[in-house]
Amino acid sequence: MIMRKKLYLVFLAMMLAMAAHAQFEKDKKYIGASLSGFNLSYNGTEKTNFGLDAKAGYMVMDNVMLTGTVGYHKMEDVPSVVNLGIGGRYYIEQNGIYLGASLNYSHMYESCDDFQPSVQIGYAFFLSRTVTVEPEIYYNQSFKSHKDYSKVGLRIGIGVYL
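Attention in this report is confined to the structure presented alongside it. (Residues numbered from 1 in each chain as written. Predicted model: local features only at pLDDT ≥ 70, side-chain atom pairs only at ≥ 80, totals over all residues. Heavy atoms only, no water.)

**Concerning the overall build of the protein chain**
Next up, step 1: Broken down by element type, the protein chain carries two helices and nine strands.
Next up, step 2: Expressed as a percentage of the 162 residues in the protein chain, the buried residues total 38%.
Next up, step 3: A separation of at least 24 residues holds for 49% of the contacts in the protein chain among residues at least 6 apart in sequence.
Next up, step 4: Accessible surface, the protein chain as shown: approximately 9400 Å² in total, 71% of it carbon and sulfur. (Helix = DSSP H or I, 4+ residues; strand = E, 2+ residues; numbered from the N terminus. Buried < 20%, exposed > 50% of the residue type's maximum accessible area, 1.4 Å probe, protein only. Contact = heavy atoms within 4.5 Å. Areas by Shrake-Rupley, 256 points an atom, 1.4 Å probe, with all protein chains shown as cover.)

Shown next as structure tokens:
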């Protein structure tokens, strides 16, 4: 009886791994949205913040996705920020963990535009064959002012792989 349960768990784990891998194949499309803030990020100028990002992607080869992002971030004591970005993700085979990099253009207010390279590490946890929950840790490096605008934080997203 115990052996049967172990075999069932091994079979289930293998099926989940194969289902996740099938979503990271060439020519798949991706649509996602994420929330950041809620005091889950830090930089030198903000106290509380709220961020909403929309992302679209295309798998140019197995495990490699090109992405485009648009975002809006509202911060306390600092004007709102609008972001546009391009980047990519590399999915570590068959487990949903990904590494990402991007370049973002941030428009804060008239004289404070900034280009920010960013790195991310996240996990695509499949709720179904196409829908994921994606927690992600990120770091944005500011060229304008490192101490005021560089940011490290946590983002929670929902993704759909088509």
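**Thoughts on empty space enclosed by the protein**
Next up, step 1: Enumeration over the complete set of coordinates arrives at one cavity of 30 Å³ or more.
Next up, step 2: One number sums up the size of the largest cavity: a volume of about 500 Å³.
Next up, step 3: Every residue lining the largest cavity is counted, 39 residues in all, and those nearest its centre are Asp-53, His-73, Asn-83, Asn-140 and Arg-155.
Next up, step 4: The set of elements that each furnish at least two residues to the lining of the largest cavity consists of β1 (29-42), β2 (49-61), β3 (64-75), β4 (78-91), β5 (97-107), β6 (113-123), β8 (131-140) and β9 (151-161).
Next up, step 5: Among the elements that take part in the lining of the largest cavity, β5 stands out by supplying six residues, more than any other. (1 Å grid on protein atoms, 1.4 Å probe; cavity = no way out; pocket = protein on both sides within 12 Å on 5 of 7 lines; lining within 4 Å. Points joined across faces, edges and corners; volume = space filled by probe spheres on them.)

**Re the packing of aromatic side chains**
Next up, step 1: By the definition in use, this model includes nine aromatic pairs.
Next up, step 2: Aromatic pair Phe-126 and Tyr-161: ring centres 5.6 Å apart, planes at 40°, arrangement tilted. Taken together, the residues Phe-126 in strand β7 (residues 125-126) and Tyr-161 in strand β9 connect sequence positions 35 residues apart. Both residues of the pair, Phe-126 and Tyr-161, belong to the buried class.
Next up, step 3: Three or more aromatic residues link up through ring pairs in this structure, and these residues are Phe-24, Tyr-30, Tyr-91, Tyr-98, Phe-126 and Tyr-161.
Next up, step 4: We note Arg-89 situated over the ring of Tyr-30; from NZ or CZ to the ring centre the distance is 5.0 Å.
Next up, step 5: Above the plane of the ring of Tyr-98 lies Arg-89, whose end atom (NZ or CZ) is 4.0 Å from the centre. (Phe/Tyr/Trp six-rings, centres within 6.5 Å; stacked < 30°, edge-to-face > 60°. Lys NZ or Arg CZ within 6 Å of the ring centre and 35° of its normal.)

**Concerning the pairing of β8**
Next up, step 1: Side chains Thr-132, Glu-134, Glu-136, Tyr-138 and Asn-140 of β8 all project onto a buried face; the interleaved residues Val-131, Val-133, Pro-135, Ile-137 and Tyr-139 project onto a face where none is buried.
Next up, step 2: Judged from the five bridges that link them, β6 and β8 form a sheet pairing that is antiparallel. Residue pairing in the sheet places Val-119 in a bridge with Tyr-139 of β8.
Next up, step 3: With two bridges connecting them, β7 and β8 associate as antiparallel partners. (Pairing = 2+ DSSP bridges.)

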